[in-house]
Amino acid sequence: MRKILRKEQLTEVTKLMVIDAPDVARKAQAGQFVVIRIDEQGERIPLTVADYDREAGTITIVVQEVGKTTMQLGTLEAGDELATFTGPLGKPSEIDRYGTVICVGGGVGIAPVFPIARALHEAGNTVLSIIGARTEGLLIWEDRIGQVSDELIVCTDDGSYGRKALVTEPLQELLEERRGEIAKVWAVGPAAMMKFVAATTKPFGVHTIVSLNTIMIDGTGMCGGCRVQLEDGARFACVDGPEFDAHRVDWYTLLARQRSYLEEEARAVEHWKQRCRLDDQLEDE
Amino acid sequence: MAELSKRERMGIPRQGIPTQDPAARRTNFDEVALGYTLEQARREANRCLQCVKRPCTEGCPVGVLIPDFIRALRDGDLDGAVRAMKEKNNLPAICGRVCPQESQCEASCVLAKTGEAVAIGRLERFVGDYELERRTCPPECCGDTGKRVAIVGAGPAGLTCAVDLGILGHKVTVFESLHSPGGVLVYGIPEFRLPKNMVREEIVYAAECLGIEIRTDAVVGSLYTIDELLGEQGFDALFLGTGAGLPSFMPIPGINLNGVVSANEFLTRVNLMKAYLFPEYDTPVKVGQRVAVIGAGNVAMDAARCSLRLQAIRAQETGEERGEVHILYRRSRTEVPARAEEVEHAEEEGVLFDFLTDQLEVLGDGRGNVGGLRNIRTKLGEPDESGRRRPVPLEGSEYDAEFDMVVMAIGTRPNPLVFNSADDVERTRWGTVVADEDSGRTTRERVWAGGDVVTGAATVISAMGAGKRAAADMHSYLEGEGEPWQQPGDE
């Protein structure tokens, strides 16, 4: 059991939680993930680490409510406990002094791009960051990303805040303006966004790294549910990733795989809401 | 009861075990074999001739004192039966259910030469279940050696090693990467063969009695390295029992289509995560209308029988056809590696067996999902290194078959994660650990290994045997009585 020490509501559907996990914090590095399970009936889901504090012995996760588990997680408060909190899993980001790098974060993916940008910044890189969300209300961590970036571009799909654009537009411009200067691009966000980032950087021949949040169970190489098709065969996102060369990922099979449990996810949400309504009714009575 | 003559004993028929009716059980996940009553158990125990030579004990990888526990049971001394059992085995309720008795203890039984062997496995299960209910004979540790041992992996090998070392007075900590101890007993073997509550109870019972700490959610190789455990964490010795958990996929086109899953993924969803209770439990599992399970080991049987049950549950909910489950095997019935009882149960329940067929390609449905398999017929050629006749493809016999789900049950390899920054633990090119067969010693001092991580995927009981042998050697090493550390294979 791992205790939630602090909870913060970042947007209407995004929550931050600081978890008491000194042993995990001791080892965690940028780019790695944890697997959590809320209770005995719970499923195991992977979450990329958003921050870690070795001294305080904590790991920070940022969760957007999209399915049953993330919704239920959102109802937990400081003092509540998680049945499972395993990590750190996966390979850390390869941090080095590359020169100038671009970090792209989309939606809730802005949180896990933060420790990567910070590590790159600390390693002496010039960090250009682009963050984006559908709308202003879903934008998170502008300040934190700003602190570890030399330049920061903020955009929203609907133009409600910052520039009205998808993240790929400023990315394209930076790559053109600073042709030959950009050593690497990191992108974390929805699979579709990462696919378009890959397509944007490919003509420039800039090495691009994406962090894939796939379907998985154990997170240690046991199930193979997280298979990612690369040009030269399959890899497991949990142990070979979660970061991969975006230009070698077969995005068609990746997106198809991400959709494979949509029907069951909808059913789980419906079942969960029904149970919540019943609980509310019981409380009212 | 008056003492029976040998002739009278031989005249008692082998007692059948009550089982759920096949038609009923294929629609639920309840245990299939229901276990003996006391009366049945004693009648079966009376069949044992109490041979002086004890070939059954020799046939048991952990050397259970079989005639002794059966004799006590026969005489109505159930506590005595438990004590005799626990001399060698502290997990009898588990072993009685999953051991391949027909090729071990029961194969060696003298009665098997002329008729049917004593049902040793069923009697073992009876004794194990009795003890779990009554708990009259808890394992006890004899003193405190002051030594600390780390066991990596809470599966059959690790747990057996932990219990034996605990009894000998060592302070044992077991590190388990999943959230529940048991290894393959909880993630692999289905509820209807091995009830999970029973597994948990038997493990927790032994661990609590012996003060063994089981740390779940602790991934060695990432949270701790082997170096750290033997260094700053202060363990005096370490046993690696991490099993063979890495699934293999056939290197054929289409293998990454949606609907191709490893048996590991499928069984973990169903067993560890209880997906058959979705949405009461959160983890979903998909099952096809036409399922192909590739392979014919115990894991394949388990996957096929889980598929049947999930199809039946779905059919009850939707009123649709149940569907079909096929086991595809490239050899013939004679070479099937699964336990005889599992094959029999699978057939009774309606699993279809397609023998002498190999797969060339997984065919898509045009939307990224499985649509079928392109197969080729095989015939058996000369025996290969494994001693089984090698399947040879028959040219021109390619054929397509429609399937919407393919489960890969063609074997597993050791997971390399635990070896992060532990290169001095030598491994073979198959990824298995090089370890001495008798002692379990690896190429690194103070590190022992046993079970599937050394042998590749094998049986629960052989892993337990390896855990037991390693525990004995670890004990003498820790007590300063052991041989000096040599490289495995050195003479």
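Residues numbered from 1 in each chain as written. Chains lettered and ligands numbered in written order. Predicted model: local features only at pLDDT ≥ 70, side-chain atom pairs only at ≥ 80, totals over all residues. Heavy atoms only, no water.

### Focus on the overall build of chain A
Point 1. Looking only at helices and strands, one finds eight helices and 17 strands in chain A.
Point 2. Relative to the 2.2 N^0.38 estimate, which gives 19 Å for 285 residues, the radius of gyration of chain A is 19 Å and therefore close to what a compact globule would have.
Point 3. Each principal axis of the C-alpha atoms in chain A carries an extent, and together these give about 65 × 40 × 40 Å.
Point 4. Going through the 285 residues of chain A one by one, you find that 58% of them count as buried.
Point 5. Of the contacts made within chain A by residues no fewer than 6 positions apart, 65% connect residues no fewer than 24 positions apart.
Point 6. On chain A, roughly 11900 Å² of surface is accessible, and the fraction owed to carbon and sulfur atoms is 47%.
Point 7. Looking at chain A, you have 32 positive and 45 negative side-chain charges, and the mean spots of the two groups are 5 Å apart. (Helix = DSSP H or I, 4+ residues; strand = E, 2+ residues; numbered from the N terminus. Rg over C-alpha atoms; globule rule 2.2 N^0.38 Å. Buried < 20%, exposed > 50% of the residue type's maximum accessible area, 1.4 Å probe, protein only. Contact = heavy atoms within 4.5 Å. Areas by Shrake-Rupley, 256 points an atom, 1.4 Å probe, with all protein chains shown as cover. Lys, Arg positive; Asp, Glu negative; His and termini not counted. Charge placed at Lys NZ, Arg CZ, Asp CG, Glu CD.)

### A closer look at the interface of chain B and chain A
Point 1. Between chain B and chain A, the residue contacts involve 43 residues of the former and 44 residues of the latter.
Point 2. Counting each side, the surface lost to burial between chain B and chain A is near 3700 Å², with a carbon and sulfur contribution of 50%.
Point 3. Between chain B and chain A we count six salt bridges in total.
Point 4. Residue Glu232 of chain B pairs with Arg26 of chain A through a salt bridge whose shortest N-O separation is 3.5 Å.
Point 5. Linking chain B to chain A there are 24 residue pairs in polar contact (both at pLDDT 80 or more).
Point 6. Breaking the side of chain B that touches chain A down by element, the ones donating at least two residues are β5 (246-247), β6 (260-262) and α15 (263-272) of chain B. (Buried area = accessible area lost by both parts, 1.4 Å probe. Salt bridge = Lys/Arg side-chain N within 4 Å of Asp/Glu carboxyl O. Polar contact = N/O pair within 3.5 Å; in protein donor to acceptor, adjacent residues only side chain to side chain.)

### Let's talk about the domain arrangement of chain B
Residue and element names in this part refer to chain B.
Point 1. Under the domain assignment used here, chain B contains domain 1 (6-134), domain 2 (148-245 + 413-478) and domain 3 (250-410).
Point 2. For domain 1 versus domain 3, the distance between C-alpha centres works out to 32 Å.
Point 3. Taken together, the contact between domain 1 and domain 3 spans 15 residues of the former and 18 residues of the latter.
Point 4. At the surface where domain 1 touches domain 3, the tally comes to three salt bridges.
Point 5. With its nearest N and O atoms 4.0 Å apart, the salt bridge here joins Glu341 to Arg122.
Point 6. At the junction of domain 1 with domain 3, the criterion picks out 10 residue pairs in polar contact (both at pLDDT 80 or more).
Point 7. Contributions of two or more residues to the side of domain 1 that touches domain 3 are made by α2 (22-25) and α7 (92-98). (Domains from an automatic or database assignment.)

### Section: the sheet that holds strand β11 (residues 370-383) of chain B
Residues and elements named next belong to chain B.
Point 1. In spatial order, the strands read β10-β11-β12; together these three strands make up an open sheet with antiparallel pairing. The sheet is open, and its two edges are formed by β10 (357-364) and β12 (389-402), each paired on a single side. For this sheet, the mean angle separating the axes of adjacent strands, direction not counted, is 20°.
Point 2. Pairing of β11 with β12, which is carried by nine bridges, proceeds in the antiparallel orientation. Counted as the bridge partner of Thr378 is Pro393 from β12. (Pairing = 2+ DSSP bridges. Axes fitted to C-alpha atoms, helices over the stretch in contact; angles between N-to-C directions.)

### Here's the deal with the packing of helix α16 (residues 298-318) of chain B against helix α17 (residues 340-349) of chain B
Residue and element names in this part refer to chain B.
Point 1. Here α16 crosses α17 at 25°, and the two axes come no closer than 10 Å. Relative to α17, the element α16 is oriented roughly parallel. Along this stretch, α16 crosses α17, giving a crossing that reads as left-handed. Of α17, the residues touching α16 (which contributes Asn298, Met301, Arg305, Leu308 and Arg309) are Glu342, Val343, His345, Ala346 and Glu349.
Point 2. Here the residues of the contact of α16 with α17 are counted per class, giving four nonpolar, two polar and four charged. (Parallel < 35°, antiparallel > 145°, perpendicular 65-115°, else oblique. Left-handed = near helix turned anticlockwise from the far one by under 90°. Nonpolar A, V, L, I, M, F, W, Y, C, P; charged D, E, K, R; others polar.)

### Focus on the side chain of Lys184 of chain A
Residue and element names in this part refer to chain A.
Point 1. Take Lys184: it is sitting in strand β13 (residues 182-188).
Point 2. With no salt bridge to any partner, buried Lys184 finds its closest opposite charge in Glu94, at an N-O distance of 6.0 Å.
Point 3. A distance of 2.6 Å separates polar atoms of two side chains, one belonging to Lys184 and the other to His207.
Point 4. Those residues in contact with Lys184, other than ones at most four positions away along the chain, are Tyr98, Thr100, Val101, Ile102, Val206, His207 and Ile209.

### Quick word on the sheet that holds strand β15 (residues 447-449) of chain B
All names here are of chain B.
Point 1. In space, the five strands of this open sheet follow the order β3-β2-β1-β4-β15, with parallel pairing throughout. Each end of this open sheet is capped by a strand with a single partner; those strands are β3 (213-215) and β15. In this sheet, neighbouring strand axes are inclined to one another by 20° on average, regardless of whether the strands run parallel or antiparallel.
Point 2. In this sheet, β15 lies alongside strand β4 (residues 237-240) in parallel orientation, the contact comprising three bridges. If you follow Leu238 over to β15, its bridge partner there is Val447.
Point 3. Each of β1 (148-152), β2 (171-175), β3 and β4 touches helix α11 (residues 156-167); the most contacted strand, β1, lies at about 165° to it.
Point 4. Set on the sheet, helix α19 (residues 460-478) makes contact with β1, β4 and β15; between it and β4 the angle comes to about 170°.

### A look at the pairing of strand β3 (residues 33-37) of chain A
Residues and elements named next belong to chain A.
Point 1. Most of β3 is tucked away: five of the five residues are buried.
Point 2. By the alternation rule, side chains of β3 split into Phe33, Val35 and Arg37 and Val34 and Ile36, which are all buried.
Point 3. Here β3 pairs with strand β4 (residues 45-48) via four bridges, running antiparallel. By the bridge assignment, Val34 is partnered in β4 with Leu47.
Point 4. Note that β3 and strand β8 (residues 84-89) share four bridges and pair antiparallel. In the strand pairing of β8, Val35 is matched with Thr86.

### Side note on the nonpolar core
Within soluble globular proteins, side chains that are nonpolar generally end up buried alongside one another.
Point 1. Counting 82 residues, the largest nonpolar core has Ile66, Phe69, Ile70, Leu73, Ile94, Ile151 and Met474 of chain B as the members making the most contacts within it.
Point 2. Shared between two domains, this core holds at least three residues of each, these being domain 1 (6-134) and domain 2 (148-245 + 413-478) of chain B.
Point 3. Discounting chain neighbours no more than four positions away, the residues touching Ile66 of chain B are Cys56, Thr57, Cys60, Cys105 and Ile120 of chain B.
Point 4. Of all hydrophobic cores here, the second largest spans 43 residues; its members include Val63 of chain A together with Phe175, Leu230 and Ala449 of chain B. (Core = buried A, V, L, I, M, F, W, Y, C linked by side-chain atoms within 4.5 Å.)

### A short note on the packing of helix α3 (residues 38-45) of chain B against helix α5 (residues 66-74) of chain B
Residues and elements named next belong to chain B.
Point 1. Direction vectors running N to C along α3 and α5 enclose 125°, while the axes themselves pass 8 Å from each other. By the angle between their directions, the pair α3 and α5 is classed as oblique. Judged by the twist between their axes, the crossing of α3 over α5 is left-handed. Across the interface between the two elements, Ala41, Arg42 and Ala45 of α3 pack against Ile70, Leu73 and Arg74 of α5.

### Here's the deal with unusual backbone geometry
Point 1. Note that the residue after Gly87 of chain A, namely Pro88 of chain A, is joined by a cis bond; omega there is -10°.
Point 2. Along the chain, Pro88 of chain A turns up in strand β8.
Point 3. With an omega of 5°, the peptide bond between Phe278 of chain B and Pro279 of chain B qualifies as cis.
Point 4. By the element assignment, Pro279 of chain B lies in the loop between α15 and β7 (290-294).

### Observations concerning the side chain of Gln359 of chain B
All names here are of chain B.
Point 1. On the secondary structure map, Gln359 appears in strand β10.
Point 2. A polar contact of 3.0 Å, which involves the side chain of Gln359, links it to the side chain of Asn375.
Point 3. Other than its neighbours up to four places away in sequence, Gln359 contacts Met250, Ile252, Ile294, Leu328, Leu373, Arg374 and Asn375.

### Quick word on a negative patch on the surface
Point 1. A cluster of like negative charges, contributed by Asp279, Asp280, Glu283 and Asp284 of chain A, occupies part of the molecular surface.
Point 2. Assessed through its relative accessible area of 45%, Asp280 of chain A is described here as partly exposed. (Patch = residues over 30% accessible without salt bridge, like charges linked within 9 Å, V, L, I, M, F, W, Y side chains within 5 Å.)

### With respect to the packing of aromatic side chains
Point 1. This structure, assessed with the given rule, holds 11 aromatic pairs over all chains.
Point 2. The interplanar angle of 50° and the centroid separation of 6.2 Å between the aromatic rings of Tyr98 of chain A and Trp186 of chain A together place this pair among those described as tilted. With a gap of 88 residues between them, Tyr98 of chain A in the loop between β8 and β9 (100-106) and Trp186 of chain A in strand β13 connect regions that are remote in the sequence.
Point 3. Seen from their ring centres, Phe175 of chain B and Phe235 of chain B are 5.9 Å apart, and the 80° between their planes marks the pair as edge-to-face. Linking Phe175 of chain B in strand β2 with Phe235 of chain B in the loop between α14 (226-230) and β4, this pair joins segments that are 60 residues apart in sequence. For the pair shown, Phe175 of chain B and Phe235 of chain B are each scored as buried. (Phe/Tyr/Trp six-rings, centres within 6.5 Å; stacked < 30°, edge-to-face > 60°.)

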